[in-house]
Amino acid sequence: MAEKASVGSGRQARLQPELFSTGLGVLMATLGSAVGLGNIWKFPYLTGKNGGAAFLIVYLACTVLVGFPIMVAEQMLGRKGRADAVTTFRKISPRTAWWLIGAMGVLAAFVIMAYYTEVAGWVFAYVVKSFSHGLVTTDAAVTNAAFNQLVASPWLSLVVQWVVLLLVGLIIVLGVTKGIEATTKRLLPILAGLLVIIGIRSLTLPGAAKGLEFLFKPDFSALTAQAVMTALGLAFFKLSIGMGAMLTYGSYYSEDQNIPANAARVVGADLLVSLLAGVAIFPAVFAFGLQPAAGAQLLFITIPTVFASMPFGQVFMVLFFLLTSFAAIGAMLSLIEVVVAFLVNQGLSRKLSTLITVVAMALVGSLAALSNSVLANVKVFGLTFFDLFDYVSSNLLLPIGGLLIAVFVAWVWGWPKFQAALSNGDTLANAGLLRVIFTILKFVTPLLVLLILLTGLNIIKFG
Ligand code: PHE
């Protein structure tokens, strides 16, 4: 095609990306990117820390008004450009600076992976730990100690991170269909089923009702501008938007894929998995007198208590952490793919690109891995590297990236091209829906993101 030839015919083979093979594969790979530690680890702990239901409602609003439209826009751009995030903007808008959005996405991939691989490493370690009886207990002091022992060991922290990176690297080398698509397709339904089982057990514990109240009965008086910014950041993070991951996956979509419908399913299913995780965790938190605001270790101290109080708990616990690690892998595949796709388009082989990316990520990641041990006292802006990477990616890089994508698509790219691209050249009768999405993307999304960022960062103040 003319577009590809203009980049240089010698690299044509590489620039012709492999596509996801089926509609179900598209849905599952995209969902595999969205569903991850964001749902099972971050969503519960942030909801716990920020007061529960009111936070959840703000998060929902961000998902509908910001998350969904940006996801659609990103996937559309990727399918148009048929390339990585940087190259796509270069092709679609040559001789402008919009490619910087893609470059920021590549940077975000590193920053996120730096701490994400560490948390995934904890999950891997918990798979192994679950085999020993010691962890299956309702005694919070014991589960706390087990967690602290893990994160305080520098070597263990590094090794689990390397294992994670090695595994993800191997799957990425296998490629889009055999690696990404095949892995995610099988595992997600099992994870959801397991969460339902854990949820039922958690809900039937004595005192569980308090957990539900916490999760679903809002108290807006406790909501701060900071918490609203956190909810926005969580929406970006959980939906994998604002950094080119959805754009890169969009470049593997076929031309007849119904992007808005697929995105709606992904957003809905992602939300469902988060709520299931919340229902699995919070009733248990209250039933066993644990702290909902425990922070990053919440998952690792509450989940063992739920399992300790059910028959065959240990078996279920092994399964739970195993499936969580698979969910994390699905998400990491899309994070790494942003960088690998970029390097492949620079002319490197897929293998070499993966190797470079994984090694670089291990180096940056060690700063986060050691944040609870040897680097615990090294603080930047008062945050450890682990917290800094988390804060900068979710609260700055992703929202700013998303804001720019919304502005680019709605104000620069414009309605006629948007409509043509997302109706698949008028073969889908979805003009009304597209109008709504476009209008939100043009006015509501950018304003909301800007407002939340400026208040969250204390740049503007109300009242
Ligand atoms: N959405 C993933 C999760 O919830 C994390 C992620 C963020 C993946 C950004 C890709 C891009 O775990």
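For clarity, every value in this text was computed on a predicted model and none was experimentally measured.

J.: Whenever I open this one, the side chain of Gln314 confuses me. Can you help?
T.: Considering the arrangement of structural elements, one finds Gln314 in helix α16 (residues 313-345). Among the polar contacts listed, one links the side chain of Gln314 to the backbone oxygen of Ser132, at a separation of 3.4 Å. Residues in contact with Gln314, not counting those within four places in the same chain, are Ser130, Phe131, Ser132, His133 and Val136.

J.: I tried to follow unusual backbone geometry on my own but got confused; where do I start?
T.: Where the residue is not glycine, phi is negative for most of them; where a peptide bond is considered, it is trans in most cases. With a phi close to 55°, Ser240 is a non-glycine residue in the positive phi region. On the secondary structure map, Ser240 appears in the loop between α12 (225-238) and α13 (245-250). Taking the relative accessible area as the measure of exposure, Ser240 reaches 10% and is therefore buried. Even without glycine at this site, Asn424 takes up a positive phi of about 50°. Along the chain, Asn424 turns up in the loop between α19 (415-422) and α20 (431-456).

J.: For this particular structure, what's the right way to read the nonpolar core?
T.: Nonpolar side chains in soluble globular proteins tend to be buried together. Within the largest apolar cluster, 153 residues are counted, with the highest numbers of intra-cluster contacts made by Phe300, Phe320, Val409 and Phe418. Aside from chain neighbours lying at most four places away, what touches Phe418 is Met76, Val409, Trp413, Leu434, Ile437, Phe438 and Leu441.

J.: Just to check I follow, could you spell out the site of the ligand for this structure?
T.: Not every one of the 15 residues close to the ligand is listed here, only the nearest: Ala34, Gly38, Tyr116, Phe237 and Ser240. Between a nitrogen atom of the ligand and a main-chain N or O atom of Ser33, the distance comes to 3.1 Å. Taking Ser240, its side chain carries an N or O atom lying 2.9 Å from a nitrogen atom of the ligand. For the ligand, whose unbound accessible area comes to 330 Å², protein coverage reaches 100%. Here the shell around the ligand is built from residues that sort into eight nonpolar, six polar and one charged.

J.: How should the packing of helix α14 (residues 259-287) against helix α15 (residues 298-308) be read in this particular structure?
T.: For any two helices packed against each other, the geometry is given by the interaxial angle and the distance between the axes. α15 packs onto α14 with a crossing angle of 75° between their chain directions and a minimal axis gap of 9 Å. With respect to each other, α14 and α15 are oriented roughly perpendicular. On α15, the residues that touch Ala280, Ile281, Phe282, Ala284 and Val285 of α14 are Leu298, Leu299, Thr302, Ile303 and Val306.

Cut-offs applied
Residues numbered from 1 in each chain as written. Predicted model: local features only at pLDDT ≥ 70, side-chain atom pairs only at ≥ 80, totals over all residues. Heavy atoms only, no water. Helix = DSSP H or I, 4+ residues; strand = E, 2+ residues; numbered from the N terminus. Polar contact = N/O pair within 3.5 Å; in protein donor to acceptor, adjacent residues only side chain to side chain. Contact = heavy atoms within 4.5 Å. Buried < 20%, exposed > 50% of the residue type's maximum accessible area, 1.4 Å probe, protein only. Core = buried A, V, L, I, M, F, W, Y, C linked by side-chain atoms within 4.5 Å. Near = heavy atom within 4 Å. Areas by Shrake-Rupley, 256 points an atom, 1.4 Å probe, with all protein chains shown as cover. Nonpolar A, V, L, I, M, F, W, Y, C, P; charged D, E, K, R; others polar. Axes fitted to C-alpha atoms, helices over the stretch in contact; angles between N-to-C directions. Parallel < 35°, antiparallel > 145°, perpendicular 65-115°, else oblique.

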